[in-house]
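A structural walkthrough
So the chains spell out like this:
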Amino acid sequence: GASNSTPAMPTPGPVQRAPHGAKAAEVYGIVGYLLSTAFFVIWMVWAYTPDSVFHSLGITYYPNRYWAVAVPIYLWTLLVFFIVLYNARNLIQNKPFESYYTVRDHLEEDDERDHAQPFDQTWTIPPAADIPITTINRVLFGVPTKRL
């Protein structure tokens, strides 16, 4: 029969089970969820309950309802400001189109893929590295021919 020259994909080992008990991320996640839900419910009660209900319960001191609207608007405005600021900072840090560094950088000098083994031998993804501009030009435009 014909043999396949590509090696078979290795079979995975037994499933690793997590030790008993919750991990820190799980605890922080559920505590954050419960606190944010409780805070939202308290905020909604404060924002929509009439003053007469609070006074009948003996609650006479609470923040002005102006803040029920103002704080979320301030937070959304701050979020939009940071998104714009983040994008502006990234645009400022970009090199101009005519810069030498838009074509070459420090990763091209020591291409890690020269030392990597092919995927079909290791079944791993090679490390990220830049493709030299000469390789890109050869793939896109072919091998240069001599002009007569």
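Given the structure is predicted, the values throughout are model-derived calculations rather than measurements. (Residues numbered from 1 in each chain as written. Predicted model: local features only at pLDDT ≥ 70, side-chain atom pairs only at ≥ 80, totals over all residues. Heavy atoms only, no water.)

A grouping of Y66, W67, V69, V71, I73, Y74, L75, L78, F81, F82 and L85 is seen on the molecular surface, where their side chains present a nonpolar patch of about 1,100 Å² in accessible area. With respect to the helices and strands, the residue F82 is situated in helix α3 (residues 66–93). The class of F82 is partly exposed, set by a relative accessible area of 46%. (Patch = residues over 30% accessible without salt bridge, like charges linked within 9 Å, V, L, I, M, F, W, Y side chains within 5 Å. Areas by Shrake-Rupley, 256 points an atom, 1.4 Å probe, with all protein chains shown as cover. Salt bridge = Lys/Arg side-chain N within 4 Å of Asp/Glu carboxyl O. Helix = DSSP H or I, 4+ residues; strand = E, 2+ residues; numbered from the N terminus. Buried < 20%, exposed > 50% of the residue type's maximum accessible area, 1.4 Å probe, protein only.)

This paragraph deals with the side chain of T49. In this fold, T49 is placed in the loop between α1 (24–48) and α2 (51–56). Reaching out from T49, the side chain makes a polar contact with the backbone oxygen of V45 at a distance of 2.5 Å. Not counting the four nearest positions on each side in its chain, T49 is found in contact with F54 and R65. (Polar contact = N/O pair within 3.5 Å; in protein donor to acceptor, adjacent residues only side chain to side chain. Contact = heavy atoms within 4.5 Å.)

In this section: the packing of aromatic side chains. Scanning the entire structure with this criterion turns up 4 aromatic pairs. With a centroid separation of 4.9 Å and 75° between ring planes, the pair formed by Y66 and W67 is classed as edge-to-face. Residue Y66 is classed as partly exposed on the basis of its relative accessible area, which comes to 44%. By relative accessible area, which is 40% here, W67 ends up partly exposed. (Phe/Tyr/Trp six-rings, centres within 6.5 Å; stacked < 30°, edge-to-face > 60°.)

What follows deals with the pattern of salt bridges. Considering all chains together, one arrives at 1 salt bridge under this definition. Between D51 and R65 there is a salt bridge, with its nearest N and O atoms 2.9 Å apart. On the criterion of sequence distance, the pair formed by D51 in helix α2 and R65 in the loop between α2 and α3 is long-range, its members being 14 residues apart. A relative accessible area of 35% places D51 in the partly exposed class.

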